[in-house]
Each structure stands twice: as structure tokens, then as C-alpha cells.
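What follows is each chain in one-letter form.
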Amino acid sequence: MELSNNGRRMLKAMREEPSKIWNLTDLLSACDWTDQAHVAGAGAALSEAGLVNQTEARTTLWKLASEGVAAAENGLLEQRIWEWLSEQSGNPGMAELQASGAVAKNEAGIGIGLLKDLGVQLIQGKFEVPGNTGAIVATLAMRADFVASLAGDGADGSGGIPESALDTAQVDYFSKRKGLITSSEEVVRTWALTPTGSALSDDDLVERLLVADITPELLSGEEWRDADYKPYDVTLPAPTPTAGKPHPMQSLIERIRAIFLEMGFSEIEGDFVTTAGWNMDALFIPQDHPAREMQDTFYLDEPASIPLPPDRMDQWADVHERGGDTGSSGWGGQFSHEISQKGMLRTHTTVNTVRHLAETPDQPCRVFGIGRVFRKESIDRTHLPEFHQIEGIIMEPGASLPMLVTTLKEFYAKMGYPEVRVRPAYFPYTEPSLEVEVKWRGQWLELGGAGIFRPEVTEPLGCKWPVCAWGMGLERLAMLVLGLDDIRQLYISDLEWLGEQPLL
Ligand code: PHE
């Protein structure tokens with residue numbers, strides 16, 4: 001059982017006189033307390049724990065009300081009239097009383113009523129006092145005593161005199177008169193040690209340091225070892241800490257990076273600025289393909305053209321015009337070196353993987369990259385002109401469609417989306433081509449494209465083995481992970497929203 005320091009102190013004091021029945025005053029002085037609440041609080045807790053017996057007695061306390069206080073000073077109304085009457089000679093009446101100033105005008109009527117109750121009569125406006133006045137005098141004296149006995153008590157705000165100490169007949173009588181006395185209820189408690197309380201070891205009663213804040217000063221000393229610690233109430237509302245943390249997109253990129261590294265991939269990078277040659281020609285995208293038009297691609301004024309090695313362009317020309325050595329018939333037409341050398345912002349990160357293959361066509365590889373791409377899109381709920389792609393390839397003997405699908409499924413499963421399906425699609429540079437979809441809140445959402453690079457792509461580069469390739473939208477995935485229905489939320493720097501985002 002957990003004792004509070006106040007509880008310990010109270011028990012210790014009580015054990016000095018184990019069989020005593022303690023009241024509030026005794027305990028306050030024995031514990032060296034001034035605050036009654038300490039006794040009440042510790043007493044209740046100790047009694048709950050079975051260490052002390054607490055008894056409660058309810059007492060009615062009486063004290064003078066405002067009229068009573070005045071009566072204690074000047075005498076009761078009936079008393080004052082009686083005294084005036086005794087001093088009069090002749091046969092005084094109501095008119096004389098009112099003229100005398102012995103009582104206030106508004107008191108006279110009530111006062112006479114009180115005297116009538118005592119046996120004084122008012123006959124044709126004149127007071128008639130009975131022959132024997134002893135009973136009246138005695139009654140008035142008792143009433144005066146009663147008022148005097150209450151005088152001073154409770155005037156300081158304390159409760160008053162317990163009913164048991166007062167004449168009940170008088171209490172009864174005065175409580176029926178207006179404004180003379182008033183009562184309140186008081187709970188009087190006593191406390192006595194129980195056998196369990198007496199049997200407790202002294203060690204349990206040593207007061208202990210109660211720590212609310214753990215500070216370096218506390219930890220550098222020894223006191224903390226034996227201290228009690230204020231428990232946390234985790235149900236209380238608390239401010240949300242808004243310390244700096246990575247942007248959710250940055251966290252997501254780190255997580256994706258970690259997953260691919262874990263799956264045995266190496267990371268590659270590339271430049272934002274590239275040529276139409278690497279972005280499109282190398283991927284066997286026909287030079288008159290509509291996606292190359294100004295409305296989809298950001299072509300650059302500076303550099304408007306970037307020189308490419310002529311033999312590289314000749315290879316692409318051969319494949320585009322006639323299919324090269326691939327057995328394909330190509331696209332026909334006239335391949336343009338000028339179009340090939342146009343400067344532009346990359347429209348997909350497939351340019352990175354294809355350049356990687358061109359650099360090391362004879363080394364099996366598993367590489368990935370996460371990078372920004374640019375397209376002339378108008379901004380809406382699901383489109384941005386700048387976004388990111390998660391790109392990757394596997395080139396090795398036996399690389400195949402099932403290997404590609406398994407790899408993507410594994411990636412999405414690690415991201416927390418175990419349900420993945422693929423559907424047939426078309427890209428100029430893959431055959432077969434796939435669309436990758438994941439299930440999210442019961443719906444299939446398209447997250448990217450994939451396929452096996454066509455021979456028209458790999459053969460001019462000198463690749464020795466089949467190449468699995470994919471490119472997926474990062475922001476689309478972010479929308480799922482963060483539960484967004486507007487892609488713009490990711491980049492509008494909404495500080496409140498950013499502060500609320502969990503660490504991914
Ligand atoms: N580059 C394609 C896109 O931007 C995706 C893709 C990559 C498709 C690799 C097939 C192979 O949508």
C-alpha cells in the first residue's frame with residue numbers, strides 16, 4: 001500500500017499514544033500542521049487503507065443571527081417594553097409607548113404581540129399587567145440568559161455552540177422567531193489506530209522526498225534513490241510537442257530508400273537537365289510521339305541543345321529507322337540528330353536507368369533511384385508539374401516478368417500494401433508492359449508502369465541480359481500513406497498540418 005507523507009506523519013504521531021482517540025485539534029498539534037485539510041485528507045486515506053478507524057458525528061451548531069446580536073447588546077424587544085412598562089406610573093397605553101421612543105415604531109406591534117403571549121393584555125388601548133408578574137419576569141430572564149449564552153460565539157465566523165450544550169426548549173422557541181438564531185451542520189471526526197496501523201514497521205513511516213520533476217540537480221545527488229515519484233496521469237490533456245522533424249515526403253523517401261537497399265538494390269542518380277536523346281530516343285519513343293510536344297515537355301532555351309556523341313545518335317537512328325539488328329522494323333522515317341540533342345527537363349527517371357545500362361551494359365545490376373521529374377501539367381487535385389518517381393531495373397541472366405512482378409509486390413508489401421495487381425499496358429520501350437495497382441480502402445489505385453525493356457532499347461546499348469524496369473509515382477504513394485485526397489497538400493507548407501504529421 002502506498003502511504004503519502006502526510007499519512008506517514010499522522011500515523012507516526014498517533015503511534016505515540018496508540019490507544020488514544022484523536023480529534024482534529026489534537027492531531028493538528030501532534031502533526032505540527034495548521035491546515036485542517038491535511039488531517040482530513042490523510043485521515044480519510046489511512047482509514048481507507050484500514051490503518052485507522054475514522055468515526056464521523058454530525059452536530060448542529062447554533063449562533064446568533066443579526067437580530068440576536070442586536071438583542072444581546074440592547075436586550076430583547078419584549079424585555080425592553082417590559083422595562084419601560086415597569087417604569088411608568090398611571091395607566092400607559094399604546095400611544096405612550098409609541099411616543100416614548102423605548103422601541104422603534106415598526107417594532108411596537110410585534111413587541112406587544114410578544115407581551116400578550118406572556119399574559120399582558122391591551123384593553124381599550126391601555127396595558128393591563130396581571131397581578132403576579134413573577135412568571136413573566138422569570139421567562140424574560142431565561143430568554144436573556146439564552147441570548148447571552150450564545151453572544152460572542154460564532155461571531156468570528158466559527159460554527160457556534162453545539163445543540164447538545166443548549167436548552168432545547170429555548171432553541172425550539174427562538175428558532176421560530178425571525179432573525180434571532182441560526183444553525184449549521186458540523187461533521188466532527190475522530191481517529192483511532194487499528195491493529196494494522198499499530199503493527200506497521202517504523203521504516204514505512206519515514207517521510208520520503210516526493211519528486212514531481214526530474215532535474216539534473218536531483219540526479220547528481222543521492223536523494224533520488226529513496227524518493228517517491230509523482231505518478232503521471234496520461235489521461236490529462238497535454239500540448240502536442242511541435243519539435244522540428246523531417247518533412248513527410250523526406251521521411252517517405254528515406255523509407256523507400258531503406259526498403260530497396262534492404263532488397264539488395266544500389267541507388268543511382270541523374271541530372272534534371274537532359275536531352276531528348278536520352279529521355280526519349282534511347283527508349284525507342286518515336287520522334288513524332290505526341291508526348292514530345294511542347295505541351296507535355298519542358299524544352300529549354302538555355303541550353304537549347306546539348307551535343308551528343310554522333311555514334312550514339314547513329315545507333316538510335318539505325319534502330320528508329322530500320323530496327324537495327326533487333327529484328328524489329330523500327331518506326332521508319334528520318335531520325336533527326338537535332339531533335340535528339342534538344343535540351344529539356346527530364347520527364348521521367350527512366351532516363352537514369354537507361355543511362356546506367358549504357359554505361360555498364362555487361363554488368364548485371366539491381367539499381368533504383370528516387371528523383372524529381374517535370375511535365376507540363378496543370379495543377380489540380382491529382383497533378384503537379386513537378387513530382388517524383390521511384391525508378392528501378394534488374395538486369396541479370398533470367399530476369400523475367402514474374403521476377404518483376406514479385407519484386408514490386410515485395411516492395412509494396414514492405415510499404416504496408418500487401419494487395420498488388422498488374423494489368424496489361426503500353427509503353428513504347430517495354431514489351432510486355434504493365435500497370436501496377438495497389439488496393440487501398442477497397443479500391444484499386446494505379447501507382448506506376450513497368451515492363452521488360454524492348455530489344456530496340458537494350459541491344460543498341462549492348463545489354464547482355466533481359467531488363468526488368470519500372471517507374472512509379474512517389475506523390476501518389478504519399479497520398480495513400482498520409483491519407484490525402486489532394487496532392488497539393490504535400491507542398492503548400494501548411495505548418496499546422498505538417499506539425500500533426502506522424503514521424504513515418
Ligand atoms: N517511365 C514510365 C512513366 O513515367 C514508367 C515506366 C518505367 C514504365 C519503366 C515502364 C518501364 O510512367
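For the structure itself, look to the data block above.
Quick look at the structure, then.

Procedures and definitions
- Counting of residues starts from 1 at the beginning of each chain's written sequence and follows it residue by residue.
- Residue-level local features of this predicted model are given only where pLDDT is at least 70; pairs of side-chain atoms are given and counted only at 80 or more, and the full residue set underlies all totals for whole chains, interfaces and linings.
- Water and hydrogen atoms play no part in the side-chain values, which are based on all heavy atoms of the structure.
- Between any two strands, at least two bridges found by DSSP are needed for them to pair.
- Secondary structure elements follow DSSP: runs of H or I of four or more residues count as helices, runs of E of two or more count as strands, with numbering from the N terminus.
- Here the expected span of a helix is defined as 1.5 Å times the quantity of residues minus one.
- Each residue's exposure class comes from its accessible area (1.4 Å probe, protein chains only) as a fraction of the maximum for that residue type: buried when under 20%, exposed when over 50%, partly exposed otherwise.
- By convention, a stacked pair of Phe, Tyr or Trp rings (six-membered ring in the case of Trp) has centres within 6.5 Å and planes under 30 degrees apart, an edge-to-face pair has planes over 60 apart, and any other such pair is tilted.

1. Some thoughts on the sheet that holds strand E4 (residues 161-162)
Reasoning step 1: What the three strands build is an open sheet, ordered E4-E1-E5; its pairing is antiparallel. Strands at the two margins of the open sheet, each flanked by one partner only, are E4 and strand E5 (181-193).
Reasoning step 2: Alignment of strand E1 (residues 52-64) against E5, held across 13 bridges, turns out to be antiparallel. Looking across to E5, one finds that Thr 59 is bridged to Glu 186.

2. Regarding helix H12 (residues 248-262)
Reasoning step 1: Its 15 residues give H12 an end-to-end C-alpha distance of 21 Å, which sits within 8% of 21 Å, the value for a rise of 1.5 Å per residue.
Reasoning step 2: Of all the positions in H12, only Pro 248, Met 249, Ser 251, Leu 252, Ile 253, Ile 256, Ile 259 and Phe 260 are classed as buried.
Reasoning step 3: Gly 264 lies just past H12 and shows a positive phi near 90°.

3. Here's the deal with the packing of aromatic side chains
Reasoning step 1: On inspection of all chains with the given rule, the structure shows 14 aromatic pairs.
Reasoning step 2: Taking the centre distance of 5.0 Å and the plane angle of 70° together, the rings of Phe 411 and Tyr 412 count as edge-to-face.
Reasoning step 3: The class for Tyr 412 is buried, based on a relative accessible area of 0%.
Reasoning step 4: With 5.8 Å between their ring centres and 35° between their planes, Phe 427 and Tyr 429 make a pair best called tilted.
Reasoning step 5: The class for Phe 427 is partly exposed, based on a relative accessible area of 23%.
Reasoning step 6: Given the relative accessible area of 12%, Tyr 429 is considered buried.

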